[in-house]
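# Descriptive structure summary
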Amino acid sequence: MKVLQALGIVLALMLVAYVGAALPGGRTLFGVVLPYLAFAIFIIFFIAKVMDWAKSPVPFRIPTTGGQANSLPWIKQNKLDCPSTTLGVIGRMLLEVFLFRSLFRNTQAEVHEGPKLAYGSSKFLWLFGILFHYSFLTVALRHLRLFTDPIPAFVHALEFGDGFMQVGAPVLYQTDLVFMAAVTFLLLRRLVLPNIRYISLVADYFPLFLLLGIGTTGILMRYVLRVDVVSIKMLTHGLVTFNPFIAESVTGIFFVHLFLITVLLAYFPFSKLMHAGGVFLSPTRNMANNSRMVRHINPWNDPSIKPHSYAGYEDDFREFMVEAGLPVDKELPPKEEAPAAEGDAPAES
Amino acid sequence: MANTKLEQMSDSVAKDPSMMTGAIPKKDWMDTPAIFKPGNYCYPAKQDMVEYLDKNLGSKGLFGEPRQWDVESDDWKLPENWKDIIIQGIKDRLDKFRSFKIFMDCCVRCGACADKCHFFLGTGDPKNMPVLRAELLRSIYRNEFTKAGKILGRLAGAREMTFGVLKEWFMYFYQCTECRRCSLFCPYGIDTAEITMMAREILHLVGVGTNWILEPASNSNRTGNHLGLQPHTFKENAEYLIDDIEEVTGLRLESLNFNRKGAEVLFVIPSADVFAEPGIYTFMGYLLLFDHIGLDYTISTYASEGGNFGSFTNNELMKKLNGKMYAEAKRLGVKWILGGECGHMWRVLHQYMDTMNGPADFLEVPKSPITGTVFENAASTKMVHISEFTADLIKHGKLKIDKSRNDHRVLTFHDSCNPARGMGLIDEPREIIEAVCNNFHEMPENTIREQTFCCGSGTGLNTGEIMDLRMRGGLPRANAVKHVHDKHGVNMLSCVCAIDRATLLALMEYWNPGVEVCGVSELVGNALIMDGEKERDSGLRFEPLAGMEG
Ligand code: SF4
Ligand code: SF4
């Protein structure tokens, strides 16, 4: 089953890191070599993919209009869902990227006897999608403390805000919980809803398990095992300053955590996770609905494709047209002289 | 009419095991073959249609090898190298369309689009979920063009191109009406309509296409309209309608004319409006309106089809058929172009025409000769929608209207997919309806405006051999109409689309008997008080007006 396959792969990866780091040379491999490699892969192939998209032509202007267009002056345009200016497009894109506007529209359809179709509002996917992305972002930004020295003020602020409930020692970050809850929801949703389960691939479960693994190991390290943060920072800060050093006190679970992140980075550019870049380039969203106002140019427009000509049309139907009293460009040849005229014609053009 | 009885169909939709009724298919979709049987596929294109179109598009093989073939057979007489043609076809389009590339790469299978498609809602067939429809092609894309797909195969959702896959494509890319409803809900704007367009282009390359699309397309090319009406017939048909107008109003309209050089405006309609009920009443509405305001217009028999059947095949044929409009506007020396009520016609006019066949620098920025309004939103394409034009006339009080002449109608309005989601023409028709009718009720909000449901038979699917499918695909629309029919007694479904006027008619007859279908301009024609007309006791279709039933 696909979900078990994905789980199996992630567990195997964890085992590989745990065992591998204990082997001779393993600490350097999993602590330094692979992370560098993965980061390089991530950067290079992410950019390559986006470049590949960006340089492919956009032959037609095809926004999906999500409301009333710019039309007559007294008809109220929906400027955000059907923008006709660059500013409007920027607004639409901001709403899309930061607030998942389209997902917010989501409904759920049901069929009842009758038949009767009903569409209920369904905001859970939107809610957990938002929660997941923003908690992930916060957690990632908080991790900057491991890569910077001095630690930037905003990271401190983020940590303070995130732990404002002041529960436990070390202080519990709410985003840790939210992150785990949201990923779990997204996973359960995939498993429970029959249609979503049916469309899911191993490649859909895999990143979720990867994230769960990363979250679990991270939480374990922080709240349960209380790993030695100072030596971890020595490694992580060393990595960004190209002076990595792995202290003895860095243990197996850290390598598991790091390796899963390594895998995530390396996997990212080749997977659906690239939606992170693609959303900015989607032609149905990032184009203004001004197709009739401003001519859009298609770089590969083929000028050799011409309509069936009027002259050809008239030639086909001239007699009928004349008979029906339709105007013609070229009159019918006078009946008797017709054959003679054929030879010596430079006919009217 | 559909083969299946209404009761049976109603039961089937609500109760038969399907993904809509909660049944979970046992087999993975990749292991579920597409099986053709009578009623679930459109008839293949006839050999001479393919020959004709190929020849007219420069013999580039865009429609594949002309031949006779049988959809139900396991030998489609494909060329030896058909797989290579398909893979190359995908590659070429990836290189030409950013949309295609992005849409192939970015889907996360969140399923937000899954239950947004009318075909899924009506059939419960999982492969009619837009996401799976796209995966049918995406799986091949992964296999041929992505590293993950090449290395991980099925784990990454990749699979090889086989004849089985080809059959799936022919089945499900002809159960998509390119309505774009899915795209509205997708967080990345993935437009399965666009994917369907690509898939159909690619299918045509190996000679897999339907006759109901290629024959009208051939007709449009030769005669100017999809019905294949020759110029004199086209003119005659239109003139019959002048007789009908005379009978209703007592007025003989002298203004109808054809192919006239020097007219101010070229008027292009979907040709069904001169030929088929109830489009003809819409046409009568146009003519009354033009006469009422004294518009200096002409209709061309050469460019007598606004609807573009090419757009259901490939962008080359779309361009070729569309090219007539500008060519004719130039030949006749008009100032600008006015377009009638048609959905996919307007998708092409709004989003493609100027790019493909412009610049229309021989035309002027459209300006209403009656109100002086300059249609800035059409400044480059120079083509205005009849609803925009009419709404402007109404706003400026240029029409003499007797609203009560539509009192025998209780109306609702169907937003056609293309004007709604490919253009944003949403409030103009409503303004008109509000001005010419007293009884108007909207359908539920999840089923109108940008969220509107397709008639279920667009993009060349309105052919008789798949009637059951069409009735299922149209169910969400019909259901919403039924809601207002039961609640407010709605008896007339208005729209601004010629395909709708044909397909909704069948849909209403099946699901909601008692609800008729009309174009918005018919309502205008009914309500217009013409100079010197007799007292009207019937509407344009000779139906008695309210209070005149006796
Ligand atoms: S809504 Fe968009 S991303 Fe989600 S499954 Fe559908 S096409 Fe894919
Ligand atoms: S474009 Fe319309 S018909 Fe096609 S998949 Fe999307 S919702 Fe369904």
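Residues numbered from 1 in each chain as written. Chains lettered and ligands numbered in written order. Predicted model: local features only at pLDDT ≥ 70, side-chain atom pairs only at ≥ 80, totals over all residues. Heavy atoms only, no water.

Our next topic: the site of ligand 1. Inspection of the region around ligand 1 gives B:Cys107, B:Val108, B:Arg109, B:Cys110, B:Gly111, B:Ala112, B:Cys113, B:Val131, B:Cys186, B:Pro187, B:Tyr188 and B:Ile190 as its neighbouring residues. Grouping the amino acids of the shell around ligand 1 by side-chain chemistry returns ten nonpolar, one polar and one charged. (Near = heavy atom within 4 Å. Nonpolar A, V, L, I, M, F, W, Y, C, P; charged D, E, K, R; others polar.)

Attention now moves to the environment of B:Ser300. Residue and element names in this part refer to chain B. Assignment of secondary structure puts Ser300 in the loop between strand E2 (297–299) and helix H14 (315–332). A relative accessible area of 1% means that Ser300 is categorised as buried. Sequence-wise, Ser300 and Met325 are 25 residues apart; in three dimensions their C-alpha atoms are separated by 9.1 Å. Other than its neighbours up to four places away in sequence, Ser300 contacts Phe234, Asn259, Leu266, Phe267 and Glu328. (Helix = DSSP H or I, 4+ residues; strand = E, 2+ residues; numbered from the N terminus. Buried < 20%, exposed > 50% of the residue type's maximum accessible area, 1.4 Å probe, protein only. Contact = heavy atoms within 4.5 Å.)

Quick look at the nonpolar core now. Membership of the largest hydrophobic core comes to 185 residues, with the highest contact counts inside it found for B:Trp76, B:Ile86, B:Ile90, B:Leu137, B:Met161, B:Leu166 and B:Trp169. Element by element, the count of residues in this core is highest for helix H9 (residues 202–224) of chain A, at eleven residues. Those residues in contact with B:Trp169, other than ones at most four positions away along the chain, are B:Ile86, B:Ile90, B:Leu136, B:Leu137, B:Ile140, B:Met161, B:Tyr174, B:Ile202 and B:Leu203. Within the second largest apolar cluster, 87 residues are counted, among which are A:Val328, B:Met383, B:Ala391 and B:Leu528. (Core = buried A, V, L, I, M, F, W, Y, C linked by side-chain atoms within 4.5 Å.)

This brings us to the pairing of strand E2 (residues 116–121) of chain A. Residue and element names in this part refer to chain A. Judged from the six bridges that link them, strand E1 (residues 107–112) and E2 form a sheet pairing that is antiparallel. Each bridged residue has a counterpart across the sheet, and for Glu110 the counterpart in E2 is Ala118. Following E1, the chain reverses through three residues before pairing antiparallel with E2; Gly114 in that reversal takes a positive phi of roughly 140 degrees. (Pairing = 2+ DSSP bridges.)

Moving on, we get to the sheet that holds strand E3 (residues 336–339) of chain B. Residues and elements named next belong to chain B. Taken in spatial order, the four strands line up as E2-E1-E3-E4 in an open sheet, and their pairing is parallel. Taken across any chain shown, the strands that pair with only one partner, and hence form the sheet edges, are E2 and strand E4 (383–385). Direction aside, neighbouring strands of the sheet carry axes that sit 30 degrees apart on average. As paired elements, E3 and E4 share three bridges and run parallel to each other. Its bridge partner lying in E4, Ile337 is registered against Met383. Helix-sheet contacts for H14 involve strand E1 (265–268), E2, E3 and E4, and the interaxial angle to E1 is about 150 degrees. Running over the sheet, helix H16 (residues 386–395) touches E1, E3 and E4 and is turned about 70 degrees from E4. (Axes fitted to C-alpha atoms, helices over the stretch in contact; angles between N-to-C directions.)

Residue and element names in this part refer to chain B. Evaluation of the coordinates by the stated rule reveals 56 salt bridges over all chains. A salt bridge links Lys127 to Glu168, with the shortest nitrogen-to-oxygen separation between them at 2.6 Å. Within this pair, whereas Lys127 is found in the loop between helix H5 (118–123) and helix H6 (130–145), its partner Glu168 is found in helix H8 (residues 163–172), the two being separated by 41 residues in sequence. Of the two residues examined, Lys127 and Glu168, each falls in the buried class. (Salt bridge = Lys/Arg side-chain N within 4 Å of Asp/Glu carboxyl O.)

Let us now look at the site of ligand 2. Residue and element names in this part refer to chain B. Cys117, His118, Pro130, Arg133, Cys176, Thr177, Glu178, Cys179, Arg180, Cys182, Thr192 and Ala193 make up every residue found near ligand 2. Elements with a contribution of two residues or more to the shell around ligand 2: H6 and helix H10 (192–205). Of the residues belonging to the shell around ligand 2, the class tally is six nonpolar, three polar and three charged.

Looking now at empty space enclosed by the protein. All names here are of chain B. The tally for this structure, following the rule as stated, stands at nine cavities of 30 Å³ or more. In this structure, the largest cavity spans a volume of roughly 160 Å³. Along the wall of the largest cavity there are 21 residues; nearest its centre are Phe97, Glu194, Met197, Met198 and Tyr352. Residue assignment for the lining of the largest cavity shows that the elements contributing at least two residues are helix H4 (98–106), H10 and H14. No other element matches the five residues that H10 contributes to the lining of the largest cavity. (1 Å grid on protein atoms, 1.4 Å probe; cavity = no way out; pocket = protein on both sides within 12 Å on 5 of 7 lines; lining within 4 Å. Points joined across faces, edges and corners; volume = space filled by probe spheres on them.)

Here the focus is a nonpolar patch on the surface. Residue and element names in this part refer to chain A. Where nonpolar side chains cluster on the molecular surface, the patch consists of Leu87, Ile90, Leu94, Phe98, Leu99, Tyr134 and Leu137 and spans about 690 Å² of accessible area. Looking at the nonpolar patch, the elements that each hand over two or more residues are helix H3 (86–99) and helix H5 (124–142). Ranked by residues supplied to the nonpolar patch, first place goes to H3 with five residues. Along the chain, Leu87 turns up in helix H3. Classification of Leu87 as exposed rests on a relative accessible area of 69%. (Patch = residues over 30% accessible without salt bridge, like charges linked within 9 Å, V, L, I, M, F, W, Y side chains within 5 Å. Areas by Shrake-Rupley, 256 points an atom, 1.4 Å probe, with all protein chains shown as cover.)

Right, let's get into the side chain of B:Ser457. Residues and elements named next belong to chain B. Checked against the element boundaries, Ser457 lands in the loop between helix H18 (427–436) and helix H19 (467–473). The exposure class assigned to Ser457 is buried, which follows from its relative accessible area of 1%. Of the polar contacts made by the side chain of Ser457, one reaches the side chain of Arg470; its length is 3.0 Å. Not counting chain neighbours up to four residues away, the residues in contact with Ser457 comprise Thr177, Asn462, Arg470, Ile499 and Thr503. (Polar contact = N/O pair within 3.5 Å; in protein donor to acceptor, adjacent residues only side chain to side chain.)

This part takes up the interface of chain B and chain A. The interface is formed by 127 residues belonging to chain B together with 98 residues belonging to chain A. Considering only the side of chain B, the residues that lose the most area to chain A are B:Arg98, B:Arg109 and B:Thr355, jointly responsible for 9% of the buried surface there. For the interface between chain B and chain A, the tally reads eleven salt bridges. Where chain B packs against chain A, one counts 68 residue pairs in polar contact (both at pLDDT 80 or more). Broken down by class, the residue content of the side of chain B that touches chain A amounts to 55 nonpolar, 33 polar and 39 charged. (Buried area = accessible area lost by both parts, 1.4 Å probe.)

Coordinates in, geometry out; function isn't part of it.
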